[in-house]
Amino acid sequence: MIPAEKSAKLTVSISDGMRIEIPLGIKETRIGRGKEADLQLPDPSVSRLHARIFRVGEQYFLSDSSKNGTFHDGKRITQLLLSGGQTFQIGPYRIHFSREEHSCSSADPPTVPFSAPTDSSPIPQSVKAPEDTSFITFGLIGKTTVIIKLIESIRRVGSSELPVLIEGETGCGKELVSRGIHESSRRRDRPFVVVNCGAISPDLIESELFGHEKGAFTGATAQRRGAFEAAHGGTLFLDEIGELPLPLQPKLLRALEQKELKRVGGNDTIRVDVRILAATNRTLREEVSRKTFRDDLYFRISTITLHVPPLRERREDILPLALHFLAEAGSGSDRPALELSGSAVQFLGTYDWPGNVRELRNAIQRAVVMSAGERLHAEDFGFLVAGKETPPEAAPELSLSRWEQSEKSNILAELARQNWNKTRTARELGIAKSTLFEKLRKYGIRLRESDRQSD
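Residues numbered from 1 in each chain as written. Predicted model: local features only at pLDDT ≥ 70, side-chain atom pairs only at ≥ 80, totals over all residues. Heavy atoms only, no water.

Chemist: How would you summarise the environment of Phe347 if you had to cite specific residues and measurements?
Modeler: Tracing the backbone shows Phe347 in helix H9 (residues 342–350). On the accessibility criterion, Phe347 (16% relative accessible area) is buried. If we ignore the near neighbours within four places in the chain, the residues touching Phe347 are Ala378, Phe381, Leu384 and Val385. (Helix = DSSP H or I, 4+ residues; strand = E, 2+ residues; numbered from the N terminus. Buried < 20%, exposed > 50% of the residue type's maximum accessible area, 1.4 Å probe, protein only. Contact = heavy atoms within 4.5 Å.)

Chemist: Residues and numbers for the sheet that holds strand E2 (residues 18–24), please.
Modeler: Judged by pairing direction, the sheet is mixed, and its 11 strands sit side by side in the order E8-E7-E10-E11-E1-E2-E14-E15-E18-E13-E19 without closing on themselves. Each edge of the sheet is formed by a strand with only one pairing partner; in this case those strands are strand E8 (75–77) and strand E19 (304–307). Here the strands of the sheet are splayed against their neighbours by 25 degrees on average, with no regard to which way each runs. As defined by bridge partners, strand E1 (residues 7–15) adjoins strand E11 (residues 93–100) across 6 bridges and the pair is classed as antiparallel. Paired with Val12 across the two strands is Ile95, which belongs to E11. (Pairing = 2+ DSSP bridges. Axes fitted to C-alpha atoms, helices over the stretch in contact; angles between N-to-C directions.)

Chemist: Describe the packing of helix H1 (residues 145–158) against helix H2 (residues 174–183), listing the residues and the values that go with them.
Modeler: Taken N-terminus to C-terminus, the directions of H1 and H2 make an angle of 45 degrees; their axes are 7 Å apart at the nearest point. As the angle between them shows, H1 and H2 are arranged oblique. In terms of crossing hand, the pair formed by H1 and H2 is right-handed. Residues Leu150, Ile154, Val157 and Gly158 of H1 pack against Val177, Gly180 and Ile181 of H2. (Parallel < 35°, antiparallel > 145°, perpendicular 65-115°, else oblique. Left-handed = near helix turned anticlockwise from the far one by under 90°.)

Pasting the structure below:
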């Protein structure tokens, strides 16, 4: 099989809740503040046409033509040969250049038979991380029936232009599914813009989505394009759409139906060509019945609905995922690749993973850093189940299901890792801050006054 050409892209966070991915090709990519820029960076320190990226053969180069400069490793540069994983800075924006092979759709993942161990199951002495990761499809790893069907659905859905609603618990890979749909579509060579509706202040989300004119509100010192304009010709992924404020929902519906918008403070109607993908960890049907989400918007975005299963429902995929993250964690260090002991394999397979794939990845990364040996054992993951400081007001453990107990432990562990900073905790858990507060109330987790002021 002839290997696919390496794809390259730029990724930049415009704000806490908005991220833009721009694919790179043969055509020159312009970066700047002006309307003619392919990647528009709305900051006064960015020149109208600040820099450009061009391709020579198989290599990409960054060329700067600005007054304020472009920086790499703290040094101002005029031209830079780009390689995968590099980051450069323009104004306040850190822009990441990445390059990777397209996944081979027909390749099979390494055979690693695994299911939740029982008392009679043979436990392997140790398992090594595979060196070959070409089996990954759309970033999804697994050979369970549900994952195979999900990958097939992504390919089919990608060929359409219909809106897609992606449902699933926090950390299960909803953004990977959305990116897979984009990469399978005719829009793959256009921008992929991610907006996390739960990470943006309700006062600013309209501006984030639709942009604003200079002077539209305090702090609007210049005109700015919103996510819809940034995604023109490409795909707009609205993550945690269930967190979208109710008053803004009619404006979003209007933009979806009429394919046009007005910037905040503006009078001009702007036509946009955007495919909408949305994701939620809530049950939007229940939100509709509670009148916290509009039924007409729900039906508009859920023409096609895909469900991403939680990790506890596909335990056979836990070991392949863990081995992949183990190889990933070791690739950037000088240590030899670590192995998983039999006890670690057994523990990983029986833990409920309330934070799903994201929690598994974080657990592997932490265990690798903290381990001094050449093999990870069950005790290296003790932080996942260690007793946590639980206030007396906490909900009785006996009233919680096994999954709820595991989720509560995961939240407490992440709070402790983030020094009880709720903003960082919500971001690491991949949920909106309001969702974190709901779970804190649900599990009776009360923070000290000093903790409440730590944000």
